[in-house]
Amino acid sequence: MLQPIEPPAASRSSLSHPRDLGGPWHSEAACRSDEAGLFFAPSKEPTAARLSREEAAKRVCARCPVMLECREHALHQPEPYGVWGGMTAAERRVVLARRRRREAELQRPGTRIAAAG
C-alpha cells in the first residue's frame, strides 16, 4: 500500500497538488480523492516503484475531465515535481523544450511553417 509522501521540504511552499490550487478547474479534478503520494515521488524511490506509481497516477489522470487544464497549469508554472495532467516532470520538460524550439524557429526571419494536412 502506498503511504502519503510529502514533497521535498525545499519545494513544499511552491508546490501544490491540483486539489489545493483553488483554480476554476481543480474542483472537478479526478485526483481530489487520491493520495498525494501517488502523484509525488518519495526521496530515493526505486526506479521500478517510481514507474509503477507514475503509471497509476497517469491512470487517474486519464479519466480526469480537467486533465488538459491541469497539464497546461503545470507547463505554465512550471511545476518541477510530480505527475500533473498525465505527464511526469521529465515529460513536461521535453514538451517545454519543444515549445521553446518552436517559438525560436518562429521568431527567425524567413522561417516558413509547413501547412499540416
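Residues numbered from 1 in each chain as written. Predicted model: local features only at pLDDT ≥ 70, side-chain atom pairs only at ≥ 80, totals over all residues. Heavy atoms only, no water.

Student: Talk me through the overall build of the chain; I want residue IDs and the actual numbers.
Tutor: Looking only at helices and strands, the chain features 3 helices and 0 strands. Along its sequence from the N terminus, the chain presents helices and strands in the succession α-α-α. The proportion of buried residues among the 117 residues of the chain is 35%. (Helix = DSSP H or I, 4+ residues; strand = E, 2+ residues; numbered from the N terminus. Buried < 20%, exposed > 50% of the residue type's maximum accessible area, 1.4 Å probe, protein only.)

Student: Please set out the layout of surface pockets residue by residue, giving values where relevant.
Tutor: Counted as a void, the largest pocket has a volume near 220 Å³. In terms of lining, the largest pocket is formed by 14 residues, of which the most central are Ala41, Arg53, Glu54, Tyr81 and Gly82. Where the lining of the largest pocket is concerned, the elements lending two or more residues are α1 (47-62) and α3 (89-107). The element best represented in the lining of the largest pocket is α1, accounting for 3 residues. Residues that form the lining of the largest pocket fall into these classes: 9 nonpolar, 2 polar and 3 charged. (1 Å grid on protein atoms, 1.4 Å probe; cavity = no way out; pocket = protein on both sides within 12 Å on 5 of 7 lines; lining within 4 Å. Points joined across faces, edges and corners; volume = space filled by probe spheres on them. Nonpolar A, V, L, I, M, F, W, Y, C, P; charged D, E, K, R; others polar.)

Student: Let's hear about helix α2 (residues 67-76): which residues, and what values?
Tutor: Looking only at α2, the buried set comprises Cys70, His73, Ala74 and Leu75. Residues of α2 that are buried in the fold lie against α3. (Contact = heavy atoms within 4.5 Å.)

Student: Account for the packing of α2 against α3, with residues named and values stated.
Tutor: Here α2 crosses α3 at 70°, and the two axes come no closer than 10 Å. When the axes of α2 and α3 are compared, the pair comes out roughly perpendicular. Between α2 and α3, the contacting residues are Glu72, Ala74 and Leu75 on the first element and Arg92, Val95, Leu96 and Arg99 on the second. The residue makeup of the contact of α2 with α3, split by class, is 4 nonpolar, no polar and 3 charged. (Axes fitted to C-alpha atoms, helices over the stretch in contact; angles between N-to-C directions. Parallel < 35°, antiparallel > 145°, perpendicular 65-115°, else oblique.)

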